[in-house]
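Okay, here's what each chain looks like letter by letter:
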Amino acid sequence: MTTHWESLLRPPSEARWVSLLDDEGPATGRRPSGRARAGGRRSRTPGSPPDAAPRKPALRRRPGGFVAGLLWTGAAVATAGCWADLPDVASTADGLAWLGRLTGLLAGYGAAILVALMARIPYLDRTIGSDRLSRWHALGGRGTLALSVAHMVFAMAARAVGSGVWEGTFGLVLYGPGILEATVSLALLLAVGLISARAIRSRMSYEAWHHAHFLTYLAIYLGFAHQLTGPSFGGVGAWAWRGLYLGVAALLLWHRFAVPVMRSRRHRLRVAGLRRESDDVVSVYIAGDDLARLGAEPGQFFRWRFLTEGMWWAANPYSLSAVPSGRHLRITVKAAGAHSRALFSLTPGTRVWAEGPYGALTAARSRSSRILLIAGGVGISPLRALFESMPGQVTLLYLARTVEDLVLRGELDAIAAARGARVHYTVNEDLTVPLTGRSLSRAIPDLADHDVFVCGPRGMTRKALHALRRAGVPKRQIHLENFDF
Ligand SMILES: Cc1cc2nc3c(=O)[nH]c(=O)nc-3n(C[C@H](O)[C@H](O)[C@H](O)COP(=O)(O)OP(=O)(O)OC[C@H]3O[C@@H](n4cnc5c(N)ncnc54)[C@H](O)[C@@H]3O)c2cc1C
């Protein structure tokens, strides 16, 4: 008798093909064999009655806009006292000092918000999404750094205009209250900013960059000590500012440390088995207690920490590649570097820490009953889970560079057969080639009425977004997940 794990670990079955290039000729990309082409045509038999008339997607409040509005309001409140003092500016030195104060307040506020954005607060993560939060964090980081440098320049210039260059520079650093801390803080922020520049970051391993990034916590701590010596912080203002920083610190400690520890103790996750999907892709099955209480949804990911040699210190994000069940969770991973490669030699019983669930690429995002899933390579992972569970009329486009890269085909075909959905496979050396507005519109009738979920390498998702927009799909109906933050 086949055990639960044996039936899951059995190798994949037959597949069916269609090429998005059919209508645009063979100019670019390899074409699959004749038999597969025949199969492809079948799924787009002309005259097949469309399903029920698509529901017009309701206009929805954009949580991103709401949260962004809150953050800007916070910035206005944080600088209100400063703006109120503007009429008192009577000289150049005053003006420079005022600008120094404004930029200092905004930099201090910005630093607190940057940490809050990465504190893994579930509401922010579910509504805005980790990749968008990371982009806000990177953008805000550059802004906060620029404000910190401007603050230093204006403060020094004000002092120099008022009391002479020496007083305004070295005198200020050596004798000013909390200025030495502020100088070290700014130097640390500049260093982290520098290594986060794409040209330098791409030359570092993710771990080295990630660990160096922790220096920002020291920089923020030193900066906070300096801020409280500032003219804006008497009485209520000082308490409100402490409240902001202590609040963010509490959120960070709770969501990034306390919750993962509590969950790990409650769910006692461990590796249950591995299944090789191809030469460089493996599925890892993770068993545990009370899994339903994790509240994971198809489309989401966790940051996984495997408590074994050479892996325990890294927590890498991998999406769930099957609908979470009470018995196990599954991830499907392509070997990209040290951590993902090490998964291939995990042994059953290895303890696992899972931080999450995270991510906003879930069914809750869609408003239409027509769904298109576009997967590139191992980006199939979260979309495989959505393909099985998403309500409505679902179509899957699965692009890969080689036939071998089309992993999980047996499951996808079984799901398609079971729910009467369509799955299109396309193989092309360059994943972006098949993605044009014209080929997508030809392959998917009423494309503009679909909610579209796209997951894959950044170049492919960018091209898909462009093609979908060209095909008339409204931006609010396109949901992207990139596999790099
Ligand atoms: C939300 C999300 C979901 C993902 N889901 C899957 C999945 O289901 N299957 C799959 O094969 N891959 C997935 N990835 C990609 C996967 O996380 C990386 O390929 C893996 O972490 C690479 O680590 P490495 O040590 O093997 O390679 P490295 O050479 O160290 O890293 C390769 C690249 O992966 C990224 N990366 C590395 N470590 C991390 C980290 N801790 N956090 C964020 N990014 C990192 C960096 O951009 C790095 O440049 C996902 C990524 C994200 C952001």
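Our subject is the structure listed above.
Figured I'd write up the structure that's included with this text. Bear in mind the structure is a predicted one, so any value in this text is a computation, not a measurement.

A few words now on the sheet that holds strand β10 (residues 451-456). Sheet strands associate in pairs through backbone hydrogen bonding, adopting either a parallel or an antiparallel arrangement. Within the open sheet, the five strands sit side by side as β9-β8-β7-β10-β11. Their pairing is parallel. Edge positions in the sheet fall to β9 (422-427) and β11 (478-482), since each of these pairs with one other strand and no more. The sheet shows a mean angle of 10° between the axes of neighbouring strands, direction not considered. Where strand β7 (residues 370-376) lies against β10, five bridges are found, and the strand directions are parallel.

Around the ligand sit 22 residues in total, of which Asn 316, Pro 317, Lys 334, His 339 and Ser 340 are the nearest. Here an oxygen atom of the ligand sits 2.9 Å away from a polar atom, N or O, in the main chain of His 339. Protein contacts shield 84% of the accessible area of the ligand, which totals 870 Å² for the unbound molecule. Secondary structure elements with two or more residues in the shell around the ligand: α11 (206-213), β4 (316-319), β5 (328-334) and α14 (338-342). Examining the composition of the shell around the ligand, we find that four residues originate from one element, β4, more than from any other. Residues that form the shell around the ligand fall into these classes: 11 nonpolar, eight polar and three charged.

The subject of this paragraph is helix α9 (residues 179-195). Spanning 17 residues, α9 covers 24 Å between terminal C-alpha atoms, matching the ideal 24 Å at 1.5 Å per step. All of the buried residues in α9 are Ile 179, Ala 182, Ser 185, Leu 186, Leu 188, Val 192 and Ile 195. If you follow the buried residues of α9, they end up packed against α7 (130-163), α8 (165-175), α10 (198-201), α11 and α12 (215-227).

On to the packing of aromatic side chains. Evaluated as defined, the whole model comprises eight aromatic pairs. Taking the centre distance of 4.5 Å and the plane angle of 20° together, the rings of Phe 224 and Tyr 245 count as stacked. Of this pair, Phe 224 sits in helix α12 while Tyr 245 sits in helix α13 (residues 235-267), and the two are 21 residues apart along the sequence. Taking relative accessible area as the criterion, Tyr 245 reaches 10% and is therefore assigned buried. Summarising the aromatic geometry, the rings of Phe 302 and Trp 304 are spaced 5.0 Å apart at their centres and angled 45° between planes, so their arrangement reads as tilted. Note on accessibility: Phe 302 and Trp 304 belong to one class, buried. One aromatic cluster is present, built from ring pairs that chain together Phe 224, Trp 241 and Tyr 245. The lysine or arginine in question, Arg 201, covers the ring of Trp 209, its NZ or CZ lying 3.7 Å from the ring centre.

A few words on the pattern of salt bridges. On inspection of all chains with the given rule, the structure shows 14 salt bridges. A salt bridge links Arg 126 to Glu 297; its shortest N-O distance comes to 3.6 Å. Here Arg 126 is found in helix α6 (residues 122-127), whereas its partner Glu 297 is found in the loop between β2 (281-287) and β3 (301-306), with 171 residues between them in sequence. Residue Glu 297 is classed as partly exposed on the basis of its relative accessible area, which comes to 27%. Through salt bridges with shared partners, a single ionic network connects Arg 275, Glu 277, Arg 330, Arg 384, Glu 388 and Glu 411.

A few words on the pairing of β3. Buried residues dominate β3, accounting for five of its six residues. Both β3 and β4 contribute to a ladder of four bridges, which runs antiparallel. When the bridges of β4 are listed, Phe 301 appears paired with Ser 319. Where β3 and strand β6 (residues 352-358) come together, five bridges link them in antiparallel fashion. Each residue of the ladder has a partner; that of Phe 301, found in β6, is Tyr 358.

Cut-off values and rules
Here the residue numbers are simple positions, counted from 1 along each chain's written sequence. Owing to the predicted nature of the model, reporting of local features is limited to residues with pLDDT of at least 70; listing and counting of side-chain atom pairs is limited to 80 or more, with chain, interface and lining totals taken over all residues. Note that the side-chain values use all heavy atoms of the structure and ignore hydrogens as well as water. Strand pairing is assigned whenever DSSP detects at least two bridges linking the two strands. A run of DSSP states H or I qualifies as a helix once it reaches four residues; a run of E qualifies as a strand once it reaches two. Both are numbered from the N-terminal end. Axis angles are defined between N-to-C directions and span 0 to 180 degrees, where every axis is a line fitted to C-alpha atoms and, for a helix, only to the segment in contact. We call a residue near a molecule or strand whenever a single non-hydrogen atom of that residue lies within 4 Å of it. Each polar contact in these results corresponds to two N or O atoms within 3.5 Å; when the atoms are within protein, one needs to be able to donate a hydrogen and the other to accept it, and residues that are neighboring in sequence are counted only if both atoms are side-chain atoms. Surface accessibility follows the Shrake-Rupley procedure with a 1.4 Å probe radius. Residue values consider only the protein chains on display as shielding. Put simply, Ala, Val, Leu, Ile, Met, Phe, Trp, Tyr, Cys and Pro go in the nonpolar bin, Asp, Glu, Lys and Arg in the charged bin, and everything else, Gly too, in the polar bin. One less than the residue count of a helix, multiplied by 1.5 Å, gives the span that helix is expected to have. Relative accessible area decides the class of each residue, using a 1.4 Å probe on protein chains only: under 20% of the type maximum gives buried, over 50% gives exposed, and in between gives partly exposed. Any two residues whose heavy atoms approach within 4.5 Å are treated as being in contact. Only rings of Phe, Tyr and Trp enter the pairing, Trp through its six-membered ring, and a pair is recorded when the two centres are within 6.5 Å. The plane angle decides the type: under 30 degrees is stacked, over 60 is edge-to-face, the rest tilted. We call a charge positioned over a ring when the NZ of a Lys or the CZ of an Arg lies within 6 Å of the ring centre and within 35 degrees of the ring normal. Throughout this description, the term salt bridge denotes a Lys or Arg side-chain nitrogen within 4 Å of a carboxyl oxygen of Asp or Glu.

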